[in-house]
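One letter stands for each residue in the lines below.
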Amino acid sequence: MSTERSASDIARDALMQLLQAETPSQVFIDGRKVTVSSEKAVGHQRMVQCDWGTGRTTLQISLRVGSQVALNVNAGRGQAIYSNFNAFVEGAIANEQPARLIAYNTIRSKGGDDGKAREYSKRSIWFAARSGLPNTSSVDLGTFDIRKQTWTPEPKETLKRIVCLAVIKAHFLDRGSGERIHDAPLFAIDGDNSPISDDEYPEATPRPEGKLSGLNNVPGGPTKLLDTLREWTETVVDAQPSENQFVAFVSKMYGVGVTRAGQMLRHCKNLDLFDVRDGVLVATDFGTQFIAGPDPLRIYRQLAARYTGFEETLAFFAQNPGARVGALRKHLNQALGTKWDTDAQPQTRAYWLTGLGFLHNDNGHYMVTDVARAHLPEASSSKDAPSVDTDVDGGDDAIETASFRDITHIRLDPAAVKLGDLVLPDGLVERCCAALNAGKHLLLVGPPGTAKSTLAERIAMHASEVHSLYEPLTATASADWTTYDTIGGWAQRREGGLRFREGVVTRALHEGRWLVLDELNRADVDKCFGELFTVLAGGTVTTAYTREVDGRDEPIEIGFDATHYHFGPWFRLIATMNVRDKASLFRLSYAFLRRFAVITVPALEDDFLQKLCETEGAKRCADAEKRALALRVFSKKNGLGRFVDLGPSMLLDVLSYAHARIASAPRAVGEGLEMLVFPQFEGLGDADARDADRLIGSLFSEEPTFARSLQRSFRSNFSHVRWPDD
C-alpha cells in the first residue's frame, strides 16, 4: 500500500463513505438549529440543503479525484472547505497510523485587508468552538483507520462536522454578497459583535505566554542547520503547501515520523520563517530575507525569545569551556527551575547554537566561538528565570520521545564524520557508514591500537548530531558481565524495597543514545546478552522485571514494539573486538552475529604511517630524527610491523614517550618500544622471533650496547627459543 496509487485508492474509498453516509437531520450552530436535507450522492458529488428558517445555503460536497484525492465543499458559488486527504493517507501509510481529515477554519482577505481577514478567522474559530468543533484554525473532522477501513467518529457524525464547519465559514466568506448565504444569515459577522479577545480562544493564539521548553533538532546535523531552514523556506515560497503537505515532505525527505515533522513545522513558525494563511504556508518577510541570506543572529534572538535556556547556555559554556551537556543540564535545572532528567533538551540548545556558529563542538566538549562572544554580555545579564511552558501537542516528554523514536532510516554522511587526528585506510569510514545506513549494527575487529574504539565513538557522535540523539553511551565489556550489566535487574532502594536498575543497553534505549561496546570479546556474550538475542533478531521480549507507572507495576519490555525501551530503526550498537582473540568471534550465536556487519580495522600501511607521522606525530614529538626512527621501526614493509600488526595508536604512544625522554633517538624510541610494543609479540613463531630479534639489532645499531640490551629484553618473551649466539 506504499505507492501513490494505492494511497489514492484508500483516500477515495474513505471519502466515498462520507459522501454516501446518512445525512444528519439537523445541526446546531451557536445554539441555533439548522435543518439539513440531502439528495443521494451522484458519482463523486452530493447536494446538501441547509435551512435555518430565515435563510439558507446550498452545499455541494464532492471528491476531487486524480493523482491527489481531496474533499471539496462549495457553499453557493464559492469554496468553503478543501482538504487534500491523499497527503494524510500517504503519511499514515508510511507511519502505520490512522489518517486524519483536516480542514482549515481560516478566511481569505479581500482587497488586501489582512487585518479584517484575521478578525474574521478568529470569529469563525470562535463560532466553531461554540458549535462543538475544535477551537483551532485546523479542524480535525475525523480519523480513518486504514486497516479496518472505518471512520472515527462514524461517517454520519464526520459528515455532520463537515456540514457545520461549511455553514459557519460560508457566512464569513459571503460577507453579505448573497453568493453563499441566501436571505438572512444565521448570525451576524459584524455589527454588534465586539472584537473577540485572544483569551477567548487560547488554542487559536499562535504564541503562548512564557517561553517554550520543548525543542527539536533539525534533521541533517548542525553543520546543515541554516541550509536546511533555508531549503524549507524556499519550498514554502515555491509550492505554498498546506501544513499537512509540508509535514509529509519533511517526513519523507528525512525519514522521520509525522509527529516530529509536525514539531519542526511549529518551530519554523515560532522562528517567524513562515506562517499559515488561508490554509497554506507562506513565507514571512523575515523568511524571504532569510532565503536571500541566512541571518544567524536573527535566528538566535528568535530562539532566545521563544525558548527557555539559550542565553543561559551561552553564558554557561563561556564560563565553563569544554564542558559537556550533562553539566549544562544540571546548571539549567538549578538556574531556571526546569526538571529535565535527561540531556535531550540541553543538548538541543547546544545543537542549535553550534549550527548558528555560536558554539564549537569538539567531540562532546563545547566552547563558545568568537562570533558569539559579542552576545555574551546580553546573555549573562539575564538574572530572572523566565517562565517555562511546554510546546503544543504535548510537553517535553513528547518532544524528547519523538526526537529519536520515530526515526525510520539512519542517514550518515561519511564525509561529515569528525575524525580529528585519526588517519584511517581509504574507504573504511564509508564502509562503516554504509553498513549502519543499511540497518546493521557494527562490529569492528582489528589488532590493538588501530583506533577501533575512537572510530566507533566518532561515528556514533556524528549520528547523534544528524539524528537528534544524545551523545553515545560507551561501556567496556568485562568477563564478569551478566544480563544485570546489559539489561538490568533489581537494586535496593535507599528508603527500602526494590527498584529496576537499568543496564547499559536499556539505559541507552531509554535515553536515546547509540551504544558503543568496547572490547566485546572480554565478555561471555551468551551469558550477558540473554533475552537480547531475540531483540537483536528483530523481536520484542517481556522481561521478568517491572517498573512503576502511575502507581502500578508494568512489565518491562524491550524491542521493536516496546514503548519505554524501544529497540527500533533509530538504534545502533557498535562493538569492538581485539583481532588477537578473533577465535571468540565464531562462538557468537547466529542471532547475535547476523545483525552485525563485521569490518576489519587494519594496521596502517607505510604510506599512511608516513602521513600520521607528519600530522599527529609531529604534534606528539617535534624531533624529526626520533620520528624517522619510529617510522622505520613500525614499517610493515621493512620494520617490526611485518611480524605483528602494530596499531597507529602504539606509534603515537612511542612518539609521546620519545618526546618526554631526554635522550638520543635510538634510546628514546627503543625504550618506548620495549615498554609499549614488545608485549604484543607474545605468541610469535620461533623463526619470526629470530628474524625480529635480528632486525632490532639492525635498527638500533648506532648504539650497539643499547641494542644488545634491547634484544635481551625482547628475547625474555621467548624463553623456549634457542638464539644463535646462546
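As a starting point, this report considers the structure included with it.

The rules behind these values
Residues numbered from 1 in each chain as written. Predicted model: local features only at pLDDT ≥ 70, side-chain atom pairs only at ≥ 80, totals over all residues. Heavy atoms only, no water. Helix = DSSP H or I, 4+ residues; strand = E, 2+ residues; numbered from the N terminus. Buried < 20%, exposed > 50% of the residue type's maximum accessible area, 1.4 Å probe, protein only. Contact = heavy atoms within 4.5 Å. Areas by Shrake-Rupley, 256 points an atom, 1.4 Å probe, with all protein chains shown as cover. Pairing = 2+ DSSP bridges. Axes fitted to C-alpha atoms, helices over the stretch in contact; angles between N-to-C directions. Phe/Tyr/Trp six-rings, centres within 6.5 Å; stacked < 30°, edge-to-face > 60°. Core = buried A, V, L, I, M, F, W, Y, C linked by side-chain atoms within 4.5 Å. Left-handed = near helix turned anticlockwise from the far one by under 90°. Nonpolar A, V, L, I, M, F, W, Y, C, P; charged D, E, K, R; others polar. Salt bridge = Lys/Arg side-chain N within 4 Å of Asp/Glu carboxyl O. Expected span 1.5 Å × (residues − 1).

Let us look at the overall build of the chain. A tally of helices and strands in the chain yields 28 helices and 26 strands. Here the chain holds 726 residues, and the buried ones make up 53% of them. Across the chain, the fraction of contacts at a sequence separation of at least 24, relative to all contacts at a separation of at least 6, is 66%. For the chain, the exposed area adds up to about 31,700 Å²; of that, 47% sits on carbon and sulfur atoms.

Okay, the sheet that holds strand β17 (residues 441–446) next. Read from one edge to the other, the open sheet built from 5 strands follows the order β18-β21-β25-β17-β26, with strand pairing classed as parallel. The strands lining the two open edges of the sheet, one partner per strand, are β18 (473–476) and β26 (596–600). The sheet shows a mean angle of 20 degrees between the axes of neighbouring strands, taken without regard to direction. With 4 bridges connecting them, β18 and strand β21 (residues 515–518) associate as parallel partners. Each residue of the ladder has a partner; that of Ala-475, found in β21, is Leu-517. Relative to the sheet, helix α16 (residues 428–437) contacts β17, β25 (573–578) and β26, its axis offset from that of β26 by approximately 175 degrees. Across the sheet, helix α17 (residues 452–466) lies against β17, β18, β21 and β25, angled at about 170 degrees from β25, the strand it touches most.

What follows concerns the packing of aromatic side chains. If you walk through the whole model with that rule in mind, you get 25 aromatic pairs. Measuring from ring centre to ring centre gives 5.4 Å for Phe-246 and Phe-274, while their planes differ by 65 degrees; the resulting arrangement is edge-to-face. Placement of the pair is Phe-246 in helix α6 (residues 243–254) and Phe-274 in strand β12 (residues 274–277), with a sequence separation of 28 residues. A centroid spacing of 5.4 Å and a plane angle of 40 degrees characterise the contact between Phe-500 and Tyr-545, whose relative ring orientation is tilted. Of this pair, Phe-500 sits in strand β20 (residues 498–502) while Tyr-545 sits in strand β22 (residues 540–549), placing them 45 residues apart in sequence. A network of ring pairs unites the aromatic residues Tyr-120, Trp-126, Phe-127, Phe-172 and Phe-187 as a single cluster.

Time to look at the nonpolar core. Counting 62 residues, the largest nonpolar core has Leu-455, Trp-514, Leu-517 and Phe-529 as the members making the most contacts within it. Top element by residues in this core is α16. It accounts for 6 residues. The contacts of Leu-455, once residues within four sequence positions are left out, are Leu-419, Leu-422, Leu-424, Leu-428, Val-429, Cys-432, Leu-444 and Val-601. Judged by nonpolar contacts, the second largest core, of 61 residues, contains Val-27, Ile-102, Tyr-120 and Phe-144.

Let's shift gears to the packing of helix α24 (residues 624–634) against helix α25 (residues 648–660). It is the contact of α24 with α25, at a shortest axis distance of 10 Å, that shows an interaxial angle of 145 degrees. As α24 runs across α25, the sense of the crossing is right-handed. When α24 is examined against α25, the residues Lys-626, Arg-627, Ala-630 and Phe-634 are found in contact with a partner set consisting of Met-650, Leu-651, Val-654, Leu-655 and Ala-658. Here the residues of the contact of α24 with α25 are counted per class, giving 7 nonpolar, no polar and 2 charged.

Where strand β3 (residues 45–51) meets strand β4 (residues 55–64), 7 bridges bridge the pair, whose relative direction is antiparallel. Paired with Asp-51 across the two strands is Arg-56, which belongs to β4. Between β3 and the antiparallel strand that follows it, β4, lie 3 residues; Gly-53 among them carries a positive phi value of about 90 degrees. Summarising the sheet, β4 and strand β10 (residues 182–183) pair through 2 bridges and their orientation is antiparallel. Bridge pairing in β10 links Gly-55 to Asp-183.

Now for the sheet that holds strand β8 (residues 138–145). Ordered in space as β7-β8-β9, the 3 strands form an open sheet in which the pairing is antiparallel. Edge positions in the sheet fall to β7 (99–104) and β9 (150–152), since each of these pairs with one other strand and no more. Mean inter-strand twist for the sheet, computed between neighbouring axes without regard to direction, equals 30 degrees. Sheet topology places β7 next to β8; 6 bridges connect them, and they run antiparallel. Counted as the bridge partner of Leu-101 is Gly-142 from β8. Those strands touched by helix α4 (residues 155–174) are β7, β8 and β9, and its axis lies near 160 degrees from that of β8.

A word on the pattern of salt bridges. Across all of its chains, the model carries 20 salt bridges by this definition. Note that Arg-373 is salt-bridged to Asp-370, the shortest N-O span being 3.8 Å. Of the two residues, Arg-373 and Asp-370 are both situated in helix α13 (residues 370–373); the distance of 3 residues between them amounts to about one turn of the helix. Arg-373 gets classed as partly exposed once you look at its relative accessible area, which sits at 42%. For Asp-370, a relative accessible area of 68% corresponds to the exposed category. Among the salt bridges present, the one from Asp-691 reaches Arg-694, with a minimum N-O distance of 2.1 Å. Linking Asp-691 with Arg-694, this pair stays in helix α27 (residues 686–699), spanning 3 residues, or about one helical turn. Residue classification places Asp-691 among the partly exposed residues on the basis of a relative accessible area of 27%. A network of salt bridges, in which partner residues are shared, links Asp-9, Arg-12 and Asp-13.

Before going further, it helps to spend a moment on α17. Along its 15 residues, α17 runs 21 Å from first to last C-alpha, staying within 8% of the 21 Å computed at 1.5 Å per residue. Those residues of α17 not exposed but buried are Lys-452, Leu-455, Ala-456, Arg-458, Ile-459, Ala-460, Met-461, His-462, Ala-463, Ser-464, Glu-465 and Val-466. Packing partners of the buried residues in α17 comprise α12 (344–355), β14 (359–362), α16, β17, β21 and β25.

The next point concerns unusual backbone geometry. For the bond from Thr-152 to Pro-153, the omega torsion is -5 degrees, close enough to zero to count as cis. Looking at the element boundaries, Pro-153 is found in the loop between β9 and α4. In this model, Asp-30 sits at a positive phi of 50 degrees, which is unusual for a non-glycine residue. Secondary-structure assignment places Asp-30 in the loop between β1 (26–29) and β2 (32–38). Positive phi, close to 65 degrees, is recorded for Asp-183, a residue that is not glycine. Mapped onto the elements of the fold, Asp-183 is located in strand β10.

Because side chains alternate across strand β15 (residues 365–368), one face comprises the buried residues Tyr-366 and Val-368, and the other comprises His-365 and Met-367, none of which is buried. Bridge count for β14 against β15 is 4 bridges, and the pairing is antiparallel. Across the sheet, Leu-359 pairs through a bridge with Val-368, a residue of β15. Count of turn residues in the β14/β15 antiparallel hairpin: 2 residues, of which Asn-363 carries a positive phi of about 50 degrees.

So, to be careful, I would describe these as geometric facts and stop short of saying anything about function.
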